[in-house]
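# Fold and contact review
What follows is the residue order along each chain.
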Amino acid sequence: MLSGCPAGDDDDSSAADDDDDSTDDDDSTDDDDDSTDDDDSTDDDDSTDDDDDSTDDDDSTDDDDDSTDDDDSAADDCSSRIGGAMIAFQMGPDQITLWQTEDAFIDEAISRVGSSANSMAGLGDVVYAPDCDPQWSFHAPYAVGFWFSSPPFSNHCDALPSEIAGQPSSWNPIDNSWCPLSVRVLSVDDRR
């Protein structure tokens, strides 16, 4: 017959005589595995003062890649546009540069560069937004330019750029179409 072990000698008795439940085992707060002073503390490599995730790293607003001061500013001077031409005009005392894409209009403008003769140009309905010439708060549509070939010309749509800028709602009482009478072509930057 088997006899049982005394109650005080088994492995599950008080903490003083077995290894399973003592308060001095490897899970205490004073050892190196789970304490607050081990490698997961706030002073280790994941702090906010390191080089990887700090606010002074390469993605700050003062660098060249993502800042608002870099080369991706919102201003459009039209220097990278292709498929048309930048045409500089003299209209009375005013000068204006317009982007145009109508081939026949561009070709004729090229033939008029340097001429002292005034021509009448049909430039379409004025668009009240700045474009390639920063001195003016409006521009002409890109693809509707044409040259009038012979008089008589109606002067209801004749206006200088300064007149349009000064009276955006009343310079043309009939419609918004712009057809200046005294136009000279100063230069054509053909990018077709």
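Here goes a summary of the coordinates provided. Bear in mind the structure is a predicted one, so any value in this text is a computation, not a measurement.

## Here's the deal with the sheet that holds strand β5 (residues 183-190)
- Spatially, the 3 strands line up as an open sheet ordered β2-β1-β5, and their pairing is antiparallel. Only two strands of the sheet have a single partner each, and these edge strands are β2 (94-100) and β5. For this sheet, the mean inter-axis angle between neighbouring strands, taken without regard to orientation, is 20°.
- Of the strand pairs in this sheet, strand β1 (residues 85-91) and β5 are connected by 7 bridges, and their pairing is antiparallel.

## Quick word on the nonpolar core
- Residues Ile87, Phe89, Ile96, Leu123, Trp147 and Trp178 are the most contacted members of the largest nonpolar core, which totals 22 residues.
- When contributions to this core are tallied by element, the ones reaching two or more residues are β1, β2, α1 (103-112) and β5.
- Ranked by residues supplied to this core, first place goes to β1 with 4 residues.
- Not counting residues up to four positions away in its chain, the partners in contact with tryptophan 147 are Phe89, Phe105, Glu108, Ala109, Arg112, Ser119, Met120, Ala121, Val183 and Val185.

## Focus: the environment of isoleucine 87
- Structurally, isoleucine 87 is set in strand β1.
- Once you skip the residues sitting within four places of it in the chain, isoleucine 87 turns out to touch Ile96, Thr97, Leu98, Gln100, Phe105, Ile106, Ala109, Val185, Ser187 and Val188.

What counts, and where the lines are drawn
Residues numbered from 1 in each chain as written. Predicted model: local features only at pLDDT ≥ 70, side-chain atom pairs only at ≥ 80, totals over all residues. Heavy atoms only, no water. Pairing = 2+ DSSP bridges. Helix = DSSP H or I, 4+ residues; strand = E, 2+ residues; numbered from the N terminus. Axes fitted to C-alpha atoms, helices over the stretch in contact; angles between N-to-C directions. Core = buried A, V, L, I, M, F, W, Y, C linked by side-chain atoms within 4.5 Å. Buried < 20%, exposed > 50% of the residue type's maximum accessible area, 1.4 Å probe, protein only. Contact = heavy atoms within 4.5 Å.

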